[in-house]
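# Notes for the structure review
Residue-level listing of the chains:
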Amino acid sequence: MDNLKESDLYSPVKLYLEQLGYDVKGEVKDCDMTAIKNDELIVVELKKGFTINLLSQAVKRQTVADSVYVAVPLPKTGYKGEKYDDIIRLCKRLELGLIFVGFSSGAKAMIDVVLHPHQCPPIRKNAKKKYDIITEHNSRTGSLNTGGVNRRKILTAYKESALYMVKLIFDNSAMTVRQMRKMGACDKASNIVQRNYYKWFVKNDDGTYGITTEGIHALEEYKDIFE
């Protein structure tokens, strides 16, 4: 428990939601976890402890998600004691779902959904932000970000598309946009190389594109996504 990281909570919660039929991604539009099934959007915020910061983040997510849960390690005192009762009481008042993740030496993490968000007067939703989160979630090819991880910059759908194009050029030498599209580059390929936001591309005199030193470094940083 003393060495527990927020990212340690991610995998067991992700597995639990996937077993319920949700498509789960990490670090989408500042949300630690997003889970989508049909048109339902669930957001889960992860923290090593039950804090004001956690509750503040979760309440903000209520404006865009259909349901919001907070996931924390099971308190050292377990299901007894004043702290446990206080956590339950506060989550009920804020209409937040509560997930405890239990860890024990050599055993599989245990998921216990103590509370589901109550049926209550609807919280006003921001439809545009909800749409943006769902669009970003669905644009990712996989769960390439782990919720709760802050050391590496978040891989957005835009950056993922740009990285794929860098990898194509790296593997095939200089390429045209048309050639990249034929090999799976996204519809916004022209915009990505022309805007060149990350300074990863260089245009050659013959109209093909190569990659810069920055592009090579980006491939090394994110090499795990191509494995």
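The structure this text deals with has already been given above.
Residues numbered from 1 in each chain as written. Predicted model: local features only at pLDDT ≥ 70, side-chain atom pairs only at ≥ 80, totals over all residues. Heavy atoms only, no water.

## Section: the nonpolar core
The biggest cluster of nonpolar side chains holds 23 residues, and the ones touching the most others in it are L41, V70, C91, L96, L98, F100 and I133. At the level of elements, β2 (31–37), β3 (40–46), α2 (52–61), β4 (67–73), α3 (82–94) and β5 (97–102) are the ones that each hand at least two residues to this core. The biggest single contributor to this core is α3, with four residues. Apart from the residues lying within four places of it in its own chain, the contact partners of V70 are E45, F50, L54, A58, C91, L96, G97, L98 and I99. Among the nonpolar cores identified, the runner-up in size contains 21 residues, and F201, A218, L219 and I225 belong to it. (Core = buried A, V, L, I, M, F, W, Y, C linked by side-chain atoms within 4.5 Å. Buried < 20%, exposed > 50% of the residue type's maximum accessible area, 1.4 Å probe, protein only. Helix = DSSP H or I, 4+ residues; strand = E, 2+ residues; numbered from the N terminus. Contact = heavy atoms within 4.5 Å.)

## Quick word on the packing of aromatic side chains
For the structure on display, the rule yields four aromatic pairs. Judged by centre distance (4.9 Å) and plane angle (90°), the rings of Y197 and Y198 are edge-to-face. Ring geometry for Y198 versus W200: centroids 4.5 Å apart, planes at 20°, classification stacked. With relative accessibility at 6%, the residue W200 sits in the buried group. These aromatic residues form a ring-pair network of at least three members: Y158, Y197, Y198 and W200. Taking NZ or CZ as reference, K37 lies 4.5 Å from the ring centre of Y22, over its face. (Phe/Tyr/Trp six-rings, centres within 6.5 Å; stacked < 30°, edge-to-face > 60°. Lys NZ or Arg CZ within 6 Å of the ring centre and 35° of its normal.)

## Focus on unusual backbone geometry
One non-glycine residue, E95, lies in the positive phi region at around 60°. Relative to the helices and strands, E95 resides in the loop between α3 and β5. Residue class for E95 comes out partly exposed when judged on its relative accessible area of 22%. Of note in this structure, S173 is not a glycine but carries a positive phi near 70°. Here S173 is to be found in the loop between α5 (157–172) and α6 (177–182).

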